[in-house]
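# Structural description and commentary
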Amino acid sequence: MTKRDLHQDHESCYRAVKSKDRRFDGIFYTAVHTTGIYCRPSCPARTPASKNVSFFPTAAAAQAAGFRACKRCLPDATPGSPDWDVAADVAGRAMRLIGDGVVDRDGVDGLAQRLGYTPRHLTRLLSAELGAGPLALARARRAQTARVLIETTAMTYADIAFAAGFSSVRQFNDTIREVYASSPTDLRGRRGGPRSATGTVTMRLAVRTPFAGRALLDFLGYHLIPGVETAGDGYYARTLDLPHGPGAVRLDLDDAPAPGETAFVTATFELADLRDTTAAVERARRLVDADCDPLAVDDHFAEDPVIGSLVRRTPGLRVPGQVDGDETAIRTVIGQQVSVVGACTVTARLVASHGRPVSTTIPGLTHLFPSARTLAALSPDDLPMPRSRGRALVGLASALAAGDIALDRGPDRDDVRRRLLELPGIGPWTADYVAMRALAHPDVFLPTDIGVRNALAGLGHDPAAVVGGSAAWRPWRSYALMHLWNTLMPPLTPAGTKEN
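Residues numbered from 1 in each chain as written. Predicted model: local features only at pLDDT ≥ 70, side-chain atom pairs only at ≥ 80, totals over all residues. Heavy atoms only, no water.

Here we come to the packing of aromatic side chains. Enumeration over the complete set of coordinates arrives at ten aromatic pairs. Ring geometry for Phe445 against Trp473: centres 5.5 Å apart, planes inclined by 75 degrees, an arrangement best described as edge-to-face. Of this pair, Phe445 sits in the loop between helix 20 (428–438) and helix 21 (450–458) while Trp473 is found in the loop between helix 22 (463–468) and helix 23 (477–486), placing the two residues 28 residues apart along the sequence. With a relative accessible area of 6%, Phe445 lands in the buried category. By relative accessible area, which is 2% here, Trp473 ends up buried. Every member of this aromatic cluster is reached through a ring pair, and the members are Phe24, Phe28 and Phe55. A cation over a ring is seen here: Arg204 above Phe264, with NZ or CZ 3.9 Å from the ring centre. Over the ring of Tyr235 we find Arg250, and its NZ or CZ is 4.2 Å from the ring centre. (Phe/Tyr/Trp six-rings, centres within 6.5 Å; stacked < 30°, edge-to-face > 60°. Helix = DSSP H or I, 4+ residues; strand = E, 2+ residues; numbered from the N terminus. Buried < 20%, exposed > 50% of the residue type's maximum accessible area, 1.4 Å probe, protein only. Lys NZ or Arg CZ within 6 Å of the ring centre and 35° of its normal.)

Structure below.
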């Protein structure tokens, strides 16, 4: 039985609750009938009797059934289910779009259109799979965002209401009271500690441990595009092109080795429009692969003769995600058949010439990445790259700008890959890399990648033999790929430069 349908097995869920197993936080939620509250499986409170509990696949489902969030374990402040990316079915893709604020911006009709269903059929699907419809799921996300902003910032309640996606302050107040059995004033008074001033929003992004934050930082630092990104000792920062305006985020990344615990990545956002808070948080979460289940991944490779030793060396390695799927695809095409350093140089020139200038308080962040629409209007002859690659880049940008290809995790991955391969100049390596980074595909392997072959040879293995047996790494081949690349990754120096 998979974790995805674990919530349907009462006995298995109850055993996880009795053992306070943190691995199941975010996988299901425990509702206690005698108290009317719902908790995460690892809640430190006394375990209720089996006959007094029910289990729900989402916090929204528990809320819709009339249960309030536990004030002790804060069940909504957990990483999301890793199965959303593993299965990538309609429910998983819907959760990603809801997390990005699509329902708040475009309504249920907009969400359904992106997923290719009618609103009524989508509501039936989500209710059956997740225990709640899209409106309830979006409401739960708004409540969680609002609670974090109440407890960690000095923003006014009106600003928090609109930043979290509520349409009115009254709706915000009513939802907070219903979900948390507290008023916004009570929530703010309960949590001490420093709070940021209006203008910046600092939040903690929950991640499962172990978490190889330093290795993630090294990867992001090695692929930096000046103007759009910067990095230094323990941090990575970049600009954000958000639905209502520009923004920026700084992520403090460090290792969190204790397995089975929940750790936090501190994210500090600068937003031109507070309505973009939800979208900015979701994009930062997917950049750090926040919903990964590292214990499941690492256990899968524990006895593997190639990857096992690499996992023991760097437990909790993540697959870096993205904050903008279009940007990831464009950068991937630019990087075809050239070195990482060369691709970064060319991309930086495009950013300087065609990116939109922005003002931030973070040194080194000066531009947004050029939009697909902007790049689609360019002539391939004017791009600083071979003409064939320039044609591929403009063709991809045109398809993205026209909506023929969507990289927002809404469409089916196989459909996206097929559409990418139909474009001139886009081959399997590019399409698969985009699937891994832009669509969070956990089971991508690049058998022709020169870095993979160099890593295998450097480890003393026959590349052809290992690649031929790579099916044994399913369904986590993306993580095997990252472990191989990680052996070649130069560390980021304290000054933010890359060692050779």
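And the narrative resumes.
Moving on: the nonpolar core. The biggest cluster of nonpolar side chains holds 122 residues, and the ones touching the most others in it are Leu251, Leu253, Phe269 and Leu484. Looking at which element gives the most residues to this core, the answer is helix 18 (residues 387–402), with seven residues. Leaving out residues up to four positions away in the same chain, Leu253 has contacts with Phe211, Gly213, Arg214, Leu216, Leu217, Leu220, Gly234, Tyr235, Tyr236, Val265 and Val288. Counting residues in hydrophobic clusters, the runner-up holds 20 residues, among them Ala94, Leu97, Leu115 and Ala140. (Core = buried A, V, L, I, M, F, W, Y, C linked by side-chain atoms within 4.5 Å. Contact = heavy atoms within 4.5 Å.)

A few words now on the environment of Gly460. Along the chain, Gly460 falls in the loop between helix 21 and helix 22. Accessibility expressed as a relative area gives 64% for Gly460, which makes it exposed. A sequence separation of 154 residues divides Gly460 from Val306, and the C-alpha atoms of the two residues are 9.5 Å apart.

A few words now on the sheet that holds strand 6 (residues 229–232). Read across the open sheet, the five strands follow the order 5-9-8-7-6; overall the sheet is antiparallel. Two strands close off the open sheet at either side, each with one partner strand: strand 5 (200–208) and strand 6. Averaged over all neighbouring strand pairs, the angle between strand axes comes to 25 degrees, with direction disregarded. Bridge count for strand 7 (residues 235–242) against strand 8 (residues 245–252) is eight bridges, and the pairing is antiparallel. Each bridged residue has a counterpart across the sheet, and for Thr239 the counterpart in strand 8 is Ala248. (Pairing = 2+ DSSP bridges. Axes fitted to C-alpha atoms, helices over the stretch in contact; angles between N-to-C directions.)

As far as function goes, none of this settles anything; it's purely spatial.
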